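These are the residues of each chain, in order.
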Amino acid sequence: MLNRPYNTSFFTFIVCFLFILCIGCGEKKNSNYDAISESQVTLTTDKNSPKRIKVIFDTDANNELDDQHALAYLLFNEHAFETIGVTVNATINGGELKNHYDEAQRILKLCNKEDIPLINGADKSYSEIENTIDKSDYDGREAVDFILNETKKDSVTIIAVGKLTNIALALKKDSTFANRTKIVWLGSNYPHPGEYNQENDTVAMNYVLNSSIPFEMVTVRYGEPSGTDAVGVSVHEINSRMPGKGPIAKEAVIGRHDGVFNTFGDYSVSLFKNIEAHDNESYTRALFDMVAVAVLKNQSWGKTRTIATPILIDGKWVERPNNSRKIVLWEDFNKEALLADFFETMQKATPKTK
Ligand SMILES: [Ca+2]
C-alpha cells in the first residue's frame, strides 16, 4: 500500500510516454505515405538492413516495357535490395546500345536514383566480341570491368534480364568470376525452344550454362501458364493504378515516345499506351523481368527445381541427365501475389501529398 502513490505516478508516466510515442509514429507515417501497415513502414524505411541483397541489374532496357517496370520495382524495394549498378546490353528490338542506356537512365531519373552507376555493356553478340577481349578496349568492356570489380568487393547477385553477353564475357575474361556471384536470368521457354533473350545470344547462354557459375533461370514460356508470360497486367489496370505513382522526379524526363514525365507511374501509362493495341483496355502484357526481381524478394512467389544443366543445340534443348553441373529453374509463379506487391510497392513509393 505504501508504494501505491509511487506506482500510480510511474504508471501515469509510462502511459503518457507511450501516448506521445504513438502520436510521433503516426505523424511520421501519415505525412509521407498512404495508410499502410506498421510492418510495411518498417520494411520501407529500413535501408540499412544487413539482409539486403546487393544487386547488379543487367538490362536491355529499351526492349518493350518490362525492363523499366522491373528496374523501378527493384529501386523502390530498398529494404530488400541494394542496387549497386545497372549495366546495359543491346537486343534487337530496342535498337542500338545508346537507346538501352538512355531508357535505363530515364528510369533512374524518374526514381530519383541517378547516383546509381549506369554502365554500357555489349552491343554485339558474344561470338563477335570474344576474340577481342584481350585488347585494351572492346565492346562491353565497361560493364565487364564493373561486374568483375564489384563482385570482388562483396557478395553480389546479378539479375540479368536481357541477353547473357555481358555475363559470358565476364566469365571469359576472368574464370574466377564464377566462384563469387550468382546469376538470376529471365529467359528461355525451357524445355521448349525459342524466347527473345535466349535468341539474342544463344552462344552466350550456352557459355554460361557450361561454366560453373551458380545460375537460376526464370522461365518465360510464351503462352503457357507456368512461365512469367502468365504474369500479365492489363492496360486498364495500368491506367487505373499507375498515374502519379512514385516520387516526383527532381528533373522532368522526356519519354522515349516523347511527352514529359515527372513520375514513373505516368511514364508506365505512356509505355503501355505506346506498346501496341493501346486503344484496347483489356489488352494484357506480361511484366516478365519484374518477376525475376520479385522472386528474389519473396521466394514463395514461384516454384523452383534443380535440374542437370541442359544445352541448346540447333535451337533445341538437349537434356544432359548425367551432367554434374546443376542449375535452378523457376516456374509456376503466383501472379496475384506478385502483382499485388508490384502495385503496393508503387503506392508505398508515392508521397501522400501528391
Ligand atoms: Ca529485358
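### A closer look at the nonpolar core
Among the nonpolar cores identified, the biggest contains 90 residues, and Leu 71, Ile 159, Val 208, Val 291 and Ala 292 are the most heavily contacted of them. With eight residues, helix α12 (residues 288-297) is the single largest residue contributor to this core. Ignoring any residue separated from it by four or fewer positions in sequence, one finds Ile 159 in contact with Val 55, Phe 57, Asp 58, Val 184, Ala 292, Val 293 and Leu 296.

### Details of the sheet that holds strand β11 (residues 303-308)
Pairing within the open sheet is mixed, and its eight strands lie in the order β3-β2-β1-β4-β5-β6-β14-β11. If you trace the sheet from one side to the other, it starts and ends with β3 (118-120) and β11, each paired once. On average, adjacent strands in this sheet sit at an angle of 25° to one another, irrespective of strand direction. Direction of pairing for β11 relative to strand β14 (residues 326-331): antiparallel, over a ladder of six bridges. Each bridged residue has a counterpart across the sheet, and for Thr 306 the counterpart in β14 is Val 328. Against the sheet, helix α6 (residues 141-153) contacts β1 (53-59), β2 (81-88), β3, β4 (156-160) and β5 (181-186), and its axis sits at roughly 155° relative to β2. The strands touched by α12 are β1, β4, β5, β6 (215-218) and β14; relative to β5, the strand with the most contacts, the crossing angle is about 145°.

### Notes on α6
Working note: α-helix, 3.6 residues per turn, so residues spaced by three or four point in the same direction. For α6, which comprises 13 residues, the first-to-last C-alpha distance of 19 Å matches the rise-based estimate of 18 Å (1.5 Å per residue) to within 8%. Within α6, the full set of buried residues consists of Arg 141, Ala 143, Val 144, Phe 146, Ile 147 and Thr 151. Contacts from the buried residues of α6 go to β1, β2, β3, β4, α7 (165-173) and β5.

### Concerning helix α13 (residues 335-348)
The terminal C-alpha atoms of α13 lie 20 Å apart, and with 14 residues this matches the ideal 20 Å at 1.5 Å per residue to within 8%. Taken as a whole, α13 has its buried residues at Leu 338, Phe 342, Thr 345, Met 346, Gln 347 and Lys 348.

### Considering the confidence of the model for the chain
Of the residues in the chain, 85% have a pLDDT of 70 or more, and the chain-wide mean is 89. Contacts of residues 1-45 to residues separated by more than four positions or lying in other chains number 15 contacts, the stretch itself having pLDDT below 50.

### Looking at the packing of α6 against α7
Across the interface, α6 lies against α7 with an axial gap of 9 Å and an inter-helix angle of 65°. Here α6 lies roughly perpendicular to α7, going by the angle between them. Our pair here, α6 against α7, has a crossing hand that is right-handed. From α6, Ala 143, Val 144, Ile 147 and Leu 148 reach across to α7, where they touch Asn 166, Leu 169, Ala 170 and Lys 173. Residue composition of the contact of α6 with α7, grouped by class: six nonpolar, one polar and one charged.

### Some words on the environment of Ala 292
Counting through the fold element by element, Ala 292 comes out in helix α12. Taking the C-beta count within 10 Å as the criterion, Ala 292 has 26 such neighbours and is therefore assigned buried. Taking the C-alpha atoms as reference, Ala 292 lies 8.5 Å from Ala 160; in sequence the two are 132 residues apart. If we ignore the near neighbours within four places in the chain, the residues touching Ala 292 are Ala 70, Ile 159, Val 161, Val 184, Leu 186 and Val 218.

### Describing the environment of Arg 180
With respect to the element layout, Arg 180 can be found in the loop between α7 and β5. For the pair Arg 180 and Lys 153, spaced 27 residues apart in the sequence, the C-alpha separation amounts to 9.7 Å. In contact with Arg 180, other than residues within four places in its own chain, are Thr 151 and Lys 152.

### Observations regarding unusual backbone geometry
Cis geometry is adopted by the peptide bond preceding Pro 191, which originates at Tyr 190 and carries an omega value of 10°. Its place among the elements puts Pro 191 in the loop between β5 and α8 (196-199). Notably, Ser 188 is not glycine yet its phi reads approximately 80°, a positive angle. Its place among the elements puts Ser 188 in the loop between β5 and α8. We classify Ser 188 as buried; it has 25 C-beta atoms within 10 Å.

Analysis parameters
Residues numbered from 1 in each chain as written. Predicted model: local features only at pLDDT ≥ 70, side-chain atom pairs only at ≥ 80, totals over all residues. Core = buried A, V, L, I, M, F, W, Y, C linked by C-beta atoms within 7 Å. Buried ≥ 20, exposed ≤ 12 C-beta atoms within 10 Å, placed from the backbone. Helix = DSSP H or I, 4+ residues; strand = E, 2+ residues; numbered from the N terminus. Contact = placed C-beta atoms within 7 Å. Pairing = 2+ DSSP bridges. Axes fitted to C-alpha atoms, helices over the stretch in contact; angles between N-to-C directions. Expected span 1.5 Å × (residues − 1). pLDDT = per-residue confidence, 0-100. Parallel < 35°, antiparallel > 145°, perpendicular 65-115°, else oblique. Left-handed = near helix turned anticlockwise from the far one by under 90°. Nonpolar A, V, L, I, M, F, W, Y, C, P; charged D, E, K, R; others polar.

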